[in-house]
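# Observations on the model geometry
What follows is each chain in one-letter form.
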Amino acid sequence: MDRVSAFDEPLKKLLGGATAKVMAEHLDLHTVGDLLHHYPRRYEERGQLTALADLPLDEHVTVVAQVADARVMMFNNGRGKRLEVTLTDGSGRLQLVFFGHGVHKPHKELLPGRRAMFAGKVSVFNRKMQLAHPTYQLLDATDADEATEAVDAFAGRLLPIYPACKQLDSWRIAKAVDTVLPSAREVVDPLPPALREGRGFTPLPEALLKVHRPQTKADIADARDRLKWDEAFVLQVALARRRYADTQLPAVARKPSHGGLLDAFDATLPFTLTEGQQKVSGEIFDDLATEHPMHRLLQGEVGSGKTMVALRAMLAVVDAGGQAAMLAPTEVLAQQHHRSITEMMGELAEGGMLGGSDLGTKVVLLTGSMGTAARRQALLDLVTGEAGIVIGTHALIEDKVQFHDLGLVVVDEQHRFGVEQRDALRSKGKQPPHLLVMTATPIPRTVAMTVFGDLETSVLDQLPAGRSPIASHVVPAKDKPHFLSRAWERVREEVGNGHQAYVVCPRIGDDADDEAGKKKSRKQAEEDGDKRPPLAVLEIAEELAEGALAGLRIEVLHGRMNPDDKDDVMRRFAAGQVDVLVATTVIEVGVNVPNATAMVIMDADRFGVSQLHQLRGRVGRGSAAGLCLLVSEAHEASPARARLTAVAATLDGFELSRIDLEQRREGDVLGQAQSGVRSSLRMLTVIDDEEVIAAAREEAVAIVAADPELTRLPELRTALDALLDKEREEYLDKG
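Okay, the overall build of the chain next. Along its length, the chain carries 29 helices and 21 strands. The 735 residues of the chain split such that 54% are buried. Once local pairs closer than 6 in sequence are excluded, the contacts in the chain between residues at least 24 apart make up 73%. As displayed, the chain has an accessible area near 32,100 Å², and 50% of this comes from carbon and sulfur atoms.

So, about the nonpolar core. Among the nonpolar cores identified, the biggest contains 40 residues, and Met314, Met345, Ile389 and Leu408 are the most heavily contacted of them. At 10 residues, the largest contribution of residues to this core is made by helix H13 (residues 306-319). Those residues within four positions of leucine 408 in sequence are excluded, and the remaining contacts are Leu288, Met294, Ala313, Met314, Val317, Gln323, Ala324, Ala325, Pro433, His434, Leu435 and Leu436. In this structure, Leu11, Val180, Ala184 and Leu204 belong to the second largest nonpolar core, which totals 31 residues.

The next subject is unusual backbone geometry. Although it is not a glycine, histidine 133 sits at a positive phi angle of roughly 45 degrees. Summarising the element assignment, histidine 133 is placed in the loop between strand S6 (128-132) and strand S7 (135-138). For histidine 133, a relative accessible area of 41% gives the class partly exposed.

A few words on the sheet that holds strand S15 (residues 456-460). Read across the open sheet, the seven strands follow the order S11-S12-S10-S13-S14-S9-S15; overall the sheet is parallel. The outermost strands of the open sheet, each flanked by one partner alone, are strand S11 (362-366) and S15. The sheet shows a mean angle of 20 degrees between the axes of neighbouring strands, direction not considered. Contacts from helix H12 (residues 275-288) reach strand S9 (295-300), strand S13 (406-412), strand S14 (434-439) and S15, with the element oriented near 155 degrees to S15. Relative to S13, H13 is tilted by about 170 degrees, and along the sheet it contacts S9, strand S10 (323-327), strand S12 (387-392), S13, S14 and S15.

Turning our attention to the packing of aromatic side chains. A complete count under the given rule lists six aromatic pairs for this structure. An angle of 15 degrees between the planes, with centres 6.1 Å apart, marks the rings of tryptophan 229 and phenylalanine 233 as stacked. Residue tryptophan 229 and its partner phenylalanine 233 are located together in helix H10 (residues 217-248), separated by four residues, close to a single helical turn. Classification of phenylalanine 233 by relative accessible area gives buried; the value is 0%. Arranged with centres 5.1 Å apart and planes meeting at 55 degrees, the rings of tyrosine 502 and phenylalanine 573 form a pair that is tilted. Placement of tyrosine 502 in strand S17 (residues 500-504) and of phenylalanine 573 in helix H22 (residues 563-574) is noted, with a sequence separation of 71 residues between them. Comparing tyrosine 502 with phenylalanine 573, the two get one shared label, buried. Grouping aromatic residues by their ring pairs yields a cluster made of Phe98, Phe118 and Tyr136.

What follows is about the sheet that holds strand S20 (residues 596-601). Strand order in the open sheet formed by six strands is S16-S21-S20-S17-S19-S18, with parallel pairing between adjacent strands. Of all strands in the sheet, those with a lone pairing partner are strand S16 (470-476) and strand S18 (554-557), marking the two edges. Neighbour-to-neighbour, the strand axes of this sheet turn through a mean angle of 20 degrees, independent of strand direction. Two elements, S17 and strand S19 (residues 580-583), share four bridges in a ladder whose sense is parallel. Paired with valine 503 across the strands is valine 582, a residue of S19. Along the sheet face, helix H23 (residues 609-616) touches S16, S17, S20 and strand S21 (626-632) and points at about 150 degrees away from the line of S20.

A few words now on the pattern of salt bridges. Evaluated as defined, the whole model comprises 34 salt bridges. Close ionic contact of glutamate 699 with arginine 199 constitutes a salt bridge, the shortest N to O distance being 3.0 Å. On the criterion of sequence distance, the pair formed by glutamate 699 in helix H27 (residues 690-706) and arginine 199 in the loop between helix H8 (193-198) and helix H9 (204-212) is long-range, its members being 500 residues apart. A relative accessible area of 24% places glutamate 699 in the partly exposed class. Here arginine 312 makes a salt bridge to aspartate 266, at a shortest N to O gap of 2.9 Å. Of the two residues, arginine 312 sits in helix H13 while aspartate 266 sits in helix H11 (residues 261-268), which places them 46 residues apart along the sequence. Aspartate 266 gets classed as partly exposed once you look at its relative accessible area, which sits at 27%.

A word on the confidence of the model for the chain. Per-residue confidence for the chain averages 81 on the pLDDT scale, and 82% of its residues sit at or above 70. Overall, residues 525-530 carries pLDDT values under 50, and its contacts beyond four positions in sequence, including any with other chains, amount to eight contacts. For the stretch residues 729-735, pLDDT sits under 50, and the model shows 35 contacts to residues farther than four places along the chain or on other chains.

Let us now look at helix H14 (residues 331-345). Between its first and last C-alpha, H14 extends 21 Å over 15 residues, near the 21 Å set by a 1.5 Å rise per residue. Taking burial as the measure, the 15 residues of H14 include 11 buried ones, the bulk of the element. Where H14 is concerned, the buried positions are Glu331, Val332, Leu333, Ala334, Gln335, Gln336, His337, His338, Ser340, Ile341 and Met345. Where H14 begins, one side-chain oxygen reaches toward the backbone nitrogen of leucine 333, 3.1 Å away; that side chain belongs to threonine 330. Directly after H14, the chain includes glycine 346, whose backbone phi takes a positive value near 60 degrees.

Moving on, we get to the pairing of S9. The buried fraction of S9 amounts to six of the six residues, a majority that puts the element mostly inside the structure. Where S9 meets S14, five bridges bridge the pair, whose relative direction is parallel. Within S14, the position partnered with leucine 298 by the bridge is methionine 438. In the sheet, S9 pairs with S15 via five bridges, with the strands oriented parallel. When the bridges of S15 are listed, glutamine 299 appears paired with valine 459.

Further remarks concern the packing of H10 against H27. Two elements in contact, H10 and H27, have axes separated by 8 Å at closest approach and are oriented at 45 degrees. By the angle between their directions, the pair H10 and H27 is classed as oblique. Judged by the sense of rotation from one axis to the other, the crossing of H10 with H27 is right-handed. Contacts between H10 and H27 involve Lys228, Trp229, Ala232, Phe233, Gln236, Val237, Ala240, Arg241, Arg243 and Tyr244 from the first element and Val692, Ile693, Ala695, Ala696, Arg697, Glu699, Ala700, Val701, Ile703 and Val704 from the second. Class assignment for the residues of the contact of H10 with H27 results in 14 nonpolar, one polar and five charged.

Before going further, it helps to spend a moment on the side chain of glutamate 84. Within the element layout of this structure, glutamate 84 appears in strand S3 (residues 80-88). With a relative accessible area of 18%, glutamate 84 lands in the buried category. One polar contact links glutamate 84 to arginine 82, side chain to side chain, over a distance of 2.8 Å.

Here we come to the packing of H13 against H14. H14 packs onto H13 with a crossing angle of 70 degrees between their chain directions and a minimal axis gap of 12 Å. By the criterion of interaxial angle, the relationship of H13 to H14 is roughly perpendicular. In this structure, H13 meets H14 at a crossing whose hand is right-handed. Here Thr307, Met308, Leu311, Met314 and Leu315 of H13 lie close against H14, whose contacting residues are His337, Ile341, Met344 and Met345. Residue composition of the contact of H13 with H14, by class: seven nonpolar, two polar and no charged.

Attention now goes to the environment of glycine 102. Along the polypeptide, glycine 102 turns up in the loop between strand S4 (93-99) and helix H5 (104-109). Along the backbone, glycine 102 and histidine 133 are 31 residues apart, and their C-alpha atoms lie at a distance of 7.8 Å.

Analysis parameters
Residues numbered from 1 in each chain as written. Predicted model: local features only at pLDDT ≥ 70, side-chain atom pairs only at ≥ 80, totals over all residues. Heavy atoms only, no water. Helix = DSSP H or I, 4+ residues; strand = E, 2+ residues; numbered from the N terminus. Buried < 20%, exposed > 50% of the residue type's maximum accessible area, 1.4 Å probe, protein only. Contact = heavy atoms within 4.5 Å. Areas by Shrake-Rupley, 256 points an atom, 1.4 Å probe, with all protein chains shown as cover. Core = buried A, V, L, I, M, F, W, Y, C linked by side-chain atoms within 4.5 Å. Pairing = 2+ DSSP bridges. Axes fitted to C-alpha atoms, helices over the stretch in contact; angles between N-to-C directions. Phe/Tyr/Trp six-rings, centres within 6.5 Å; stacked < 30°, edge-to-face > 60°. Salt bridge = Lys/Arg side-chain N within 4 Å of Asp/Glu carboxyl O. pLDDT = per-residue confidence, 0-100. Expected span 1.5 Å × (residues − 1). Polar contact = N/O pair within 3.5 Å; in protein donor to acceptor, adjacent residues only side chain to side chain. Parallel < 35°, antiparallel > 145°, perpendicular 65-115°, else oblique. Left-handed = near helix turned anticlockwise from the far one by under 90°. Nonpolar A, V, L, I, M, F, W, Y, C, P; charged D, E, K, R; others polar.

In structure tokens form, the structure reads like this:
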């Protein structure tokens, strides 16, 4: 059996329909290969007990512990019966509870002194941790066949504990793995032998056996080293091949002409570019001057002047006779970019119009909600080449849109664009256009190497002169309600000083919103003792207008508003006709109102670290200092609160992205970047394995340079095909 057929065997052939169905639906495991790559989360040693003291709330856990006490309690005047079992492991105690007919079997088996494996979801009842109706498997010898079998299977061995789910416990997964493990022996090793021997790696079949059924801790370490390397290496080979293929594509070199539009624009700038902006512009102009397409990622802190760098690149392309398109993730943002770019360019943005400069060009906006006449004119300006710069949403990608000569595509906030969109826009050029991707989410180097590995990276880490510092504070609304009152006073003070403020909420609160989630009102949820729904824009705006901020000019902004209304609100806020804007995260990216100095983020614990950092970047954009208040009801000791404290403590986006990654682990980060494709990383942790990733990248580049088609390495090609099914190819292409 070759690698593909061994790994691609459907699980239902080997495990039976019911188990395979649960694995597919709840663990996303479909083939033998999927299950062999479903590695144990950790290992228990016989005789070593799990720390019950460290159990995570609301998670499905597997523990090995000893019964300390078991008693049957009656309730409902003797009509109801419940079994309470107390477990101990030296570090803490845990209560199990069984009800009704489910009491009989555990009552006979879970006697004091017995040891067993228990699996269930951790909850709290009467301030005590408990598992309700856990499944369990006895680990000490009894007459029951199953228990004896368990002892034989686990005696003297490291016990693998698998990531499990309610429908399938860790030990049932272990049994399924036993069934498919023989297939691991037939796996073809993808690593070139010279590389494997040079780095002293265990062969792949052996690594799979060792990770699932280790005899010693050294076995686990060997297996992990090898499996980590494979993940990093195969992914880096895929990225290296992508980069190589890109260098083979033709593109039109775009060199700025002296005395042209770019020089005229630079001459009007009232400030000098930062060193960082000059350096990054240099890198971009060098790329644009080559005859294969630029593929560059521009990372820049919120407010570091990315738009200025992108605009100068667009002007250089217009100078060279081409057109430039800027793609924004939302209409609000496209309109905002259009406004700020036409303002920055002044008469240079009015090419061919009365009062426009002779050197100028037209800058057009194209969005889905434009009127027919305006849209027709914009399309005409694009196809004739009258418009050198177009700014729009994904409406730019529609078939109807034709360019005269598309030379550069700038994508803002890359992770909001799928691969198909990027490709569709690319195909609008006579030859592939140059590509500049911008993101305000700082990405640690290893994640950039893994997720955006097919793009060259430029980083803007200086803030331009004139940006003010932002003070951030956590407001514990539940523990200290007077802090929240003070927060609203601070907003009033800012408005009193002639400034403006944002209030951000996680939810809209309209009918569609409530219907979608069948949400209860806040009061109803509190009365029922439920976790209340996230705070909503419409509710909070009303409360503030009638209470803490009565008398101020308050407006709302959210994604379900009519685009014209959204634009109108944003325009009036920018013009200073609105004091407080209560909004959802539609303001997260690119909204630029220098007079807005304060931001209050409600239920701040419901946002991610990088999202909070992005939102905060909307204040302090002018000469007055910014203030960001993170309001939360999260408990002081909770991870959510720790996250907020970290955000309040630093303005360094790279530091925050590292904290974010450590807390969420990379599955989420890669998942986000892969637009929903499940992460192929099981063993590798992007944050801890920087050296592995860097070394794998080096080896991959050398191998691809010597043999781009991998003709001399058929096993590696096969492994690549297995990793890069259609979906994952697309994630890589996403860049």
